[in-house]
Amino acid sequence: MSVLVLLLAVSAACCLGFGFVLQQNAAQRAPLNDFLSPRLLLDLMRVPRWLGGLGLMVAGMVLGAVALGKGEISLVEPLLATNLLFALALSRHQTKQSLGRQGWAGLVLLAGGVSAFILAGEPRGGSAVTDPLRHWLIIGVMVGAALVLTAYAKRSRLSWGPVLLATAAGLLYGVQDALTRVSGTRFSEGGLTELFTGWQPYGVLACGITGLILVQSAFETAPLRMSLPALTAAEPLAGILCGVGFLGDRLRTDTGALAWQASGLAAVVVGIVLLGMHPAMPCGATDAEPPARDLQRR
């Protein structure tokens, strides 16, 4: 594993984790009638804390894109999932909560699961699948699942809605990561002309904007501990599926390696849930001060 890819991916995770916390701090005070509307982003753009969080998120995405350009998506995605560790660190600073058994267990499971998956799978590059049907089939399943989850979230916005929205956003972000990898390859092969004559960069933009609206709507209506675990778990799983499905990433497929990879991913998911539900994670809209919402209304 390249040390440069490791540093880039962990730096990206750091920026993403800090950015998510700052964004949720602001989004929880946004008007509820902006739910799942682009108007939500317009309202949040007037909040300095949210803009700072967005800047960190963009920086994380740029660093992640560079990491994806230099390493396999099946390697980078699990490392990006460690953004929850940095989110918890900032949240602990804000709430003054100790880690406790739950926090340490989640930390060990997340870090250990990422290590187990990478060491057992030994992700390496291969020849990308050229069949466009394969690309559209996998991407279509991801986007279709995101649409279904969003539709159900509209009916239960204050119960399971935020979890469904965050999961949908994670699926879109996983697709975005895969398309970012393809866009980088096109740029390296033919420059800007080759890049912008393909549909992939526009897909990156569409997934990014749509995912941002979904995430902010989830942050607006529930505590971070409800939405961030689903987002953090869904993105690497979707990205790895795209990487193996059509980007040519190869993983070890012997029985022992597959068992360790499955165990590693399971540990990552459990660790994410434990960390995401830690009391240190900031509360959401249900506990926000009512006057704060009124200040954001037009």
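Residues numbered from 1 in each chain as written. Predicted model: local features only at pLDDT ≥ 70, side-chain atom pairs only at ≥ 80, totals over all residues. Heavy atoms only, no water.

A. Just the nonpolar core, in detail. In this structure, Leu-228 and Leu-231 are the most contacted members of the largest nonpolar core, which totals 79 residues. Looking at this core, the element that brings in the most residues is helix H8 (residues 161-196), giving 12 residues. (Core = buried A, V, L, I, M, F, W, Y, C linked by side-chain atoms within 4.5 Å. Buried < 20%, exposed > 50% of the residue type's maximum accessible area, 1.4 Å probe, protein only. Helix = DSSP H or I, 4+ residues; strand = E, 2+ residues; numbered from the N terminus.)

B. Representation of the environment of Leu-80 in the model. Along the chain, Leu-80 turns up in helix H4 (residues 73-80). Leu-80 sits 66 residues away from Cys-14 along the chain, and the two C-alpha atoms are 8.6 Å apart. The contact partners of Leu-80, leaving out residues within four places of it in the chain, are Ala-9, Ala-12, Ala-13 and Asp-177. (Contact = heavy atoms within 4.5 Å.)

C. Broad picture of the packing of aromatic side chains. Under the defined criterion, the tally for this structure stands at three aromatic pairs. Relative to Phe-219, the ring of Phe-20 lies with its centre 6.2 Å away and its plane at 75°, an arrangement referred to as edge-to-face. Taken together, the residues span a long stretch of sequence, with Phe-20 in helix H1 (residues 3-27) and Phe-219 in helix H9 (residues 200-221) at a distance of 199 residues. Owing to a relative accessible area of 1%, Phe-219 belongs among the buried residues under this scheme. Centre to centre, the rings of Trp-136 and Trp-199 are 4.5 Å apart; their planes meet at 25°, and the pair counts as stacked. With a gap of 63 residues between them, Trp-136 in helix H7 (residues 132-155) and Trp-199 in the loop between H8 and H9 connect regions that are remote in the sequence. (Phe/Tyr/Trp six-rings, centres within 6.5 Å; stacked < 30°, edge-to-face > 60°.)

D. Examining the pattern of salt bridges more closely. Throughout the structure, instances matching the rule amount to five salt bridges. The shortest N-O distance in the salt bridge between Arg-181 and Asp-249 comes to 4.0 Å. Of the two residues, Arg-181 sits in helix H8 while Asp-249 sits in the loop between helix H10 (224-246) and helix H11 (255-276), which places them 68 residues apart along the sequence. With respect to class, Arg-181 is no different from Asp-249; both count as buried. Put simply, Glu-122, Arg-252 and Asp-254 are held in one network by salt bridges that share partners. (Salt bridge = Lys/Arg side-chain N within 4 Å of Asp/Glu carboxyl O.)

E. Highlighting the confidence of the model for the chain. Across the chain, the average pLDDT comes to 85, with 93% of residues at or above 70. At the level of individual helices and strands, the chain shows its lowest average pLDDT in helix H12 (residues 290-296), which scores 41, and its highest in helix H3 (residues 48-70), which scores 92. Here residues 284-298 is modelled with pLDDT under 50, and outside its nearest four sequence neighbours on either side it reaches 29 contacts, counting other chains as well. (pLDDT = per-residue confidence, 0-100.)

F. Quick peek at the environment of Ala-230. Assignment of secondary structure puts Ala-230 in helix H10. Accessibility expressed as a relative area gives 14% for Ala-230, which makes it buried. Along the sequence, Ala-230 and Leu-171 sit 59 residues apart, while their C-alpha atoms lie 9.9 Å from each other. Residues in contact with Ala-230, not counting those within four places in the same chain, are Val-163, Ala-166 and Thr-167.

G. Molecular detail of a nonpolar patch on the surface. A surface patch of nonpolar side chains, about 430 Å² in accessible area, is lined by Phe-187, Leu-192, Phe-196 and Tyr-202. With three residues, H8 is the single largest residue contributor to the nonpolar patch. With respect to the helices and strands, the residue Tyr-202 is situated in helix H9. (Patch = residues over 30% accessible without salt bridge, like charges linked within 9 Å, V, L, I, M, F, W, Y side chains within 5 Å. Areas by Shrake-Rupley, 256 points an atom, 1.4 Å probe, with all protein chains shown as cover.)

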